[in-house]
Amino acid sequence: DQELLSIRHACDMTLQLDKAKRVMTDYVQSRMSVFAPNLTVLIGSLTAAQLVNFAGGIKGLASTPSCNIAPWGSKKQTQTGFATNVGVRHQGFLYNSPLVREVPSDLKKQAMRIVSAKLVMAARVDSTHGSPNGADGERFKDECINRLDKLVAPAPNRGARALPAPDDKPSRKRGGRRARKAKEATAMTD
């Protein structure tokens, strides 16, 4: 009975913490255009709020290296008996952002790398209050979209190429015991 009571108490605390986290994220999401206008323009208010919440503030996000942002918010996957080499490994907040979601699956890893680099730059601009109207965020978003469009676009067609000039000489064949045995196997018999 005592263990059941302590487990229920722990479950209640976990639910309260989750609810408090959700309330905090909703509040930050509603105020993101004031706190971080460039970040909001770049990746949207929900993803920006989740990242700022996870980093502990806009200064924490600005001081984080871009390579560390992709795994934020991803759940640890325990796949026993299933293939582990499918898809993208880090499916966190950034993976579910609108910019990355539109990219084909095989390019999502590169897309997350591109967007996370611009995301950190936008966070740095917002932490110094450099562009309060979100102009830098718009510029970063345009740069991301241009790079992602280049990734998705097919390679340019260079036209038909001429075949190489044929060699008139027959190719040299090496002799040896193996070649003689092969000739004997296919040779004309009496």
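Structure: above.
Predicted model only: the values in this text are computed from it and were never measured. (Residues numbered from 1 in each chain as written. Predicted model: local features only at pLDDT ≥ 70, side-chain atom pairs only at ≥ 80, totals over all residues. Heavy atoms only, no water.)

1. Some remarks on the nonpolar core
Counting 34 residues, the largest nonpolar core has L39, L61 and L119 as its most contacted members. Of all the secondary-structure elements, those providing two or more residues to this core are α3 (37-43), α4 (45-55), α5 (58-62), α6 (98-101), α7 (108-127) and α8 (135-152). A total of 9 residues in this core trace back to one element, the largest contributor, which is α7. What L39 contacts, discounting residues up to four positions off in sequence, is M32, G44, A48, V52, I58, L61, L119, A122, A123 and D126. (Core = buried A, V, L, I, M, F, W, Y, C linked by side-chain atoms within 4.5 Å. Buried < 20%, exposed > 50% of the residue type's maximum accessible area, 1.4 Å probe, protein only. Helix = DSSP H or I, 4+ residues; strand = E, 2+ residues; numbered from the N terminus. Contact = heavy atoms within 4.5 Å.)

2. Structural notes on the packing of aromatic side chains
If you walk through the whole model with that rule in mind, you get 2 aromatic pairs. Aromatic pair F54 and W72: ring centres 5.0 Å apart, planes at 40°, arrangement tilted. Placement of F54 in helix α4 and of W72 in the loop between α5 and α6 is noted, with a sequence separation of 18 residues between them. Where F54 meets F93, the ring centres are 6.0 Å apart and the plane angle is 70°; that geometry is what we call edge-to-face. (Phe/Tyr/Trp six-rings, centres within 6.5 Å; stacked < 30°, edge-to-face > 60°.)

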